[in-house]
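Read off the chains here:
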Amino acid sequence: WFYNEYYQAVLSSKAHSQFCERVYGKDLSQHGMADMEQIEEMLEELEIDRSMSVLDFGCGDGQISEYIADRTKATVLGTDIAKRAIDIAQERTKDKRERISFCWADIEKGQGDIPQGKFDRITAIDSLYFASDQRKTFNILYDYLKPDGRMAVFHICPPNIYAEETILGQLLEERKLSYCIWDISAENVQHWKKKKQVLLELENRFYEEGNEFLFKNRIT
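What you see is a predicted model; the values in this text were computed from it and never measured. (Residues numbered from 1 in each chain as written. Predicted model: local features only at pLDDT ≥ 70, side-chain atom pairs only at ≥ 80, totals over all residues. Heavy atoms only, no water.)

As for the sheet that holds strand β5 (residues 119-125)
The mixed open sheet is built from six strands, whose spatial order is β4-β3-β2-β1-β5-β6. Each having just a single partner strand, β4 (111-112) and β6 (145-154) make up the two edges of the open sheet. Relative to β4, strand β3 (residues 100-106) runs antiparallel, the two being bridged by two bridges. Along β4, the bridge assignment pairs alanine 105 with glycine 112. (Pairing = 2+ DSSP bridges. Helix = DSSP H or I, 4+ residues; strand = E, 2+ residues; numbered from the N terminus.)

Let's talk about the packing of aromatic side chains
Counted under the stated rule, the structure contains 13 aromatic pairs. Ring geometry for phenylalanine 2 versus phenylalanine 213: centroids 5.8 Å apart, planes at 55°, classification tilted. Of the two residues, phenylalanine 2 is situated in helix α1 (residues 2-10) and phenylalanine 213 in helix α9 (residues 212-219); the sequence distance between them amounts to 211 residues. Taking 6.4 Å as the distance between ring centres and 85° as the angle between the ring planes, the aromatic pair formed by tyrosine 3 and tyrosine 6 counts as edge-to-face. Separated by three residues within a single helix, tyrosine 3 and tyrosine 6 lie in helix α1, roughly one turn from each other. The rings of Phe2, Tyr3, Tyr6, Tyr7, Tyr129, Phe130 and Phe213 are connected pair by pair, giving a single aromatic cluster. The ring of tryptophan 192 has lysine 195 lying over it, and the distance from NZ or CZ to the ring centre is 4.3 Å. (Phe/Tyr/Trp six-rings, centres within 6.5 Å; stacked < 30°, edge-to-face > 60°. Lys NZ or Arg CZ within 6 Å of the ring centre and 35° of its normal.)

Some points on the layout of surface pockets
Within this model, the largest pocket holds a volume of roughly 1,400 Å³. In terms of lining residues, the largest pocket is bounded by 45 residues, among which Val153, Phe154, Cys180, Ile181 and Trp182 are the most central. Top element by residues in the lining of the largest pocket is β6. It accounts for nine residues. Within the lining of the largest pocket, the residues separate by chemical class into 29 nonpolar, nine polar and seven charged. Each pocket or cavity is described by its volume, and for the second largest pocket that value is around 970 Å³. Taken together, 44 residues make up the lining of the second largest pocket; nearest its centre are Tyr3, Gly58, Asp126, Ser127 and Phe130. (1 Å grid on protein atoms, 1.4 Å probe; cavity = no way out; pocket = protein on both sides within 12 Å on 5 of 7 lines; lining within 4 Å. Points joined across faces, edges and corners; volume = space filled by probe spheres on them. Nonpolar A, V, L, I, M, F, W, Y, C, P; charged D, E, K, R; others polar.)

Observations regarding the side chain of threonine 166
Its place among the elements puts threonine 166 in the loop between β6 and α7 (167-174). The class of threonine 166 is buried, set by a relative accessible area of 9%. Of the polar contacts made by the side chain of threonine 166, one reaches the backbone nitrogen of glycine 169; its length is 3.0 Å. Those residues within four positions of threonine 166 in sequence are excluded, and the remaining contacts are Ile156, Cys157, Pro158 and Ile161. (Buried < 20%, exposed > 50% of the residue type's maximum accessible area, 1.4 Å probe, protein only. Polar contact = N/O pair within 3.5 Å; in protein donor to acceptor, adjacent residues only side chain to side chain. Contact = heavy atoms within 4.5 Å.)

Section: the pairing of β5
Of all seven residues in β5, seven are buried; the element is thus mostly enclosed. Here four bridges tie strand β1 (residues 53-57) to β5, and the two strands are oriented parallel to one another. Among the inter-strand pairings, aspartate 56 is bridged to a residue of β5, identified as threonine 123. Handedness of the crossover joining β5 and β6 through helix α6 (residues 134-143) is recorded here as right-handed. (Right-handed = clockwise from strand over helix to strand, strands pointing away.)

So this is what it looks like as structure tokens:
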């Protein structure tokens, strides 16, 4: 419910667009933490080219999916459990259907338009840790990956434990998969501080638009 309301609201919010531009470096209606610098680093590591297929898990309204498709020329499928977000994504990208599409699906529960086939690359930006069963969801995603594929996951590591001790870390170890960890904790601390500063500067604009919902969610 929340993400349906959120993506509907950002469609008409100039204040939120300015917020994203200033905090993330580009307005892609982001709700997570990955800014454009981090996304570019991810794309560099994934080495995506136009011959590849990409699954973007937890794509929201698909603006990051669309950016990946435009930037790399790869074929991208975005999937999310928020039906209204998927509708918005499909409508916005209807002229790019030859290389980008979207489907509503809850892959953890096996509901909706479940993606078919295998993918060269999978991205999960601030989404896997929302799954009620991360282990099950990761295993499903991994089964979508081609044998020589790569997956990029933006994931929260709680304080006082090592990344290898998270559920995701345990799964990677159990499957004996090759992986690398990038610790962006320091960058994200600055990200949160910048979010608060910019939001307070734009507070009146959010309220003037009638988008109190967006401001209160983001500031919280």
